[in-house]
Amino acid sequence: MKTLVLKVDPQEPDIEKVRLSADFIKKGGLVAFPTETVYGLGADALNGEAVLSLFRVKRRPLDNPPIVHICDVKDVYRLAEMVPFRAKALMERFWPGPLTLIFKRSEVVPDVTVAGLDTIAVRMPRHNVALALIRESGCPIAAPSANLAGKPSPTSAEHVLDDLGGRIDAILDAGPTVVGVESTVLDLTVDPPQVLRPGGTPFEVLREALGGVELNPAVTAEKALWMEKVRSPGVKYKHYAPDAEVVVVEGEVNAVVAKASELVKFYREEGRKVGVLATDETATCYGGCVVKSLGSRRDLAVVARNLFRLLREFDLEGVDVIVAEGVPAEGLGLAVMNRLRKASGYHIVKAR
Ligand code: TXA
Ligand code: MG
């Protein structure tokens, strides 16, 4: 299969290219498309066969359901059996945007789309290409991130093609994504609501909007949790991992640099090619290794935007082990630290 690459303007996409992509979706095909967070791999959410092929192409376990994307708040009432009162205010304030809401599912949704659960994850992305594709397809679009299962999520069309080129019908290429980490997943079927995955909508903002909201223990876990504590199925799998081994060094910044330098020396003496995932403030502190900066520690939105791209770049340069500096777990930093810890398989070193 040849994957059609359709370059489009992120603000005003060429409608002919969007319609061509929508035709694939309508016929049960797979199309990758940009959202504000990461690229998604889309299929008609109401077509069980199409969604099944989506799992197959991604090599994703069948018990980990994708997010269903819509272009109009009205659509939520078809997909959800019940829309709780507090969801209305959230949808009004945060959609379109990087917030996924979990509802009780309705009967129109095929079992495979929700992996047999009685709930469904829904969001309206803040990206004109995604919204146009959903509108032209005339159906809700099930879309997990457009990477092979376990790999860092794709923030550009190149990343998608590296993982899935030749195995999907088309990709709408609108350049790099803006947020860089996936949407925040908020479960509204429990009281108080619970964040199952931190992401593009900061926890602090949700707390201010909702009053009562909790973080699922898996969000801030420093080791893999047992299944009974885990309510978001995706949480239990190895995730976001480059081919290189990852070690995260956490603590106050000077201690982190000292510990990270020690680790660089240690791994080099083992004869390994070492990379350091640093920040603008610290990047010049290292030698004898491949150093990449996430951006300034004072701007965690930029750090989030660069994270997945840099993890993939280390792999392309053949780095064996990545020593990653921790950043403050506030704002978008909470999502960054959650992804880094998972990418490391919870290989966390505390610097003090
Ligand atoms: O930003 C994003 O959310 C991107 C873009 C493409 O929209 N999508 C994305 O999808 O990250 P995916 O499939 O890679 O991650 C979906 C997450 C998984 O952690 C999954 O377990 C969780 O949402 N999820 C889906 N349905 C769920 C449900 N019914 N209950 C709890 N968690 C659910
Ligand atoms: Mg994913």
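Computed from a predicted structure; not experimentally measured.

Peer 1: Explain the overall build of the chain here, please?
Peer 2: Within the chain, the secondary structure is distributed over 10 helices and 16 strands. For 352 residues, the compact-globule estimate of 2.2 N^0.38 gives 20 Å, and the C-alpha radius of gyration of the chain, at 20 Å, lies within 12% of that figure. Oriented by its inertia axes, the alpha-carbon framework of the chain measures out at about 55 × 50 × 35 Å. Of all 352 residues assigned to the chain, the portion counted as buried reaches 59%. At a minimum sequence separation of 6, the contacts of the chain that also span at least 24 residues come to 68%.

Peer 1: Explain the packing of helix H4 (residues 85-94) against helix H7 (residues 203-210) to me, please; I cannot follow it from the model alone.
Peer 2: Two measures define how a pair of helices packs: the angle their axes make with one another and the distance between the axes. Axis separation between H4 and H7 bottoms out at 11 Å; the angle between their running directions is 130°. When the axes of H4 and H7 are compared, the pair comes out oblique. Regarding H4 and H7, the two cross each other, and that crossing is right-handed. Contacts from Arg86, Leu90, Arg93 and Phe94 of H4 reach H7 at Val205, Leu206, Glu208, Ala209 and Leu210. Residue classes in the contact of H4 with H7 are distributed as six nonpolar, no polar and three charged.

Peer 1: I keep staring at the pairing of strand E2 (residues 31-34) and nothing clicks. Help me out?
Peer 2: On any regular strand, side chains alternate: one points to one face of the sheet, the next to the other face. Side chains Val31 and Phe33 project from E2 onto one buried face, and the interleaved Ala32 and Pro34 project onto a second face that is buried too. In this structure, E2 lies alongside strand E3 (residues 39-44), joined through four bridges in antiparallel fashion. Across the sheet, the residue bridging to Ala32 is Leu41, located in E3. Connecting the antiparallel pair E2 and E3 is a turn made up of four residues.

Peer 1: What's the story with the site of ligand 1 in this structure? I'm lost.
Peer 2: Near ligand 1, the surroundings consist of 27 residues, among which Thr37, Arg60, Asn64, His69 and Ser183 are the closest. Within the side chain of His69, one N or O atom sits 2.6 Å away from an oxygen atom of ligand 1. In the environment of ligand 1, an oxygen atom lies 3.0 Å from a nitrogen or oxygen atom belonging to the side chain of Ser145. Across the complex, the protein chains shield 96% of the 680 Å² of accessible surface that ligand 1 would expose by itself. Element by element, the count of residues in the shell around ligand 1 is highest for strand E6 (residues 119-123), at four residues. The class makeup of the residues in the shell around ligand 1 is 13 nonpolar, nine polar and five charged.

Peer 1: Please clarify how the sheet that holds strand E10 (residues 194-197) should be interpreted in this entry.
Peer 2: As a general point, the strands of a sheet are linked pairwise by backbone hydrogen bonds and lie either parallel or antiparallel. On the basis of which strands lie adjacent, the open sheet formed by 11 strands has the order E1-E8-E2-E3-E7-E4-E6-E5-E9-E10-E11 and mixed pairing. The open sheet has two edge strands with one neighbour each: strand E1 (4-7) and strand E11 (214-215). Where strand E5 (residues 99-104) meets E6, four bridges bridge the pair, whose relative direction is antiparallel. When the bridges of E6 are listed, Ile102 appears paired with Ala121. Each of E1, E2, E3 and strand E8 (170-173) touches helix H6 (residues 157-164); the most contacted strand, E8, lies at about 165° to it.

The rules behind each value
Residues numbered from 1 in each chain as written. Chains lettered and ligands numbered in written order. Predicted model: local features only at pLDDT ≥ 70, side-chain atom pairs only at ≥ 80, totals over all residues. Heavy atoms only, no water. Helix = DSSP H or I, 4+ residues; strand = E, 2+ residues; numbered from the N terminus. Rg over C-alpha atoms; globule rule 2.2 N^0.38 Å. Buried < 20%, exposed > 50% of the residue type's maximum accessible area, 1.4 Å probe, protein only. Contact = heavy atoms within 4.5 Å. Axes fitted to C-alpha atoms, helices over the stretch in contact; angles between N-to-C directions. Parallel < 35°, antiparallel > 145°, perpendicular 65-115°, else oblique. Left-handed = near helix turned anticlockwise from the far one by under 90°. Nonpolar A, V, L, I, M, F, W, Y, C, P; charged D, E, K, R; others polar. Pairing = 2+ DSSP bridges. Near = heavy atom within 4 Å. Polar contact = N/O pair within 3.5 Å; in protein donor to acceptor, adjacent residues only side chain to side chain. Areas by Shrake-Rupley, 256 points an atom, 1.4 Å probe, with all protein chains shown as cover.

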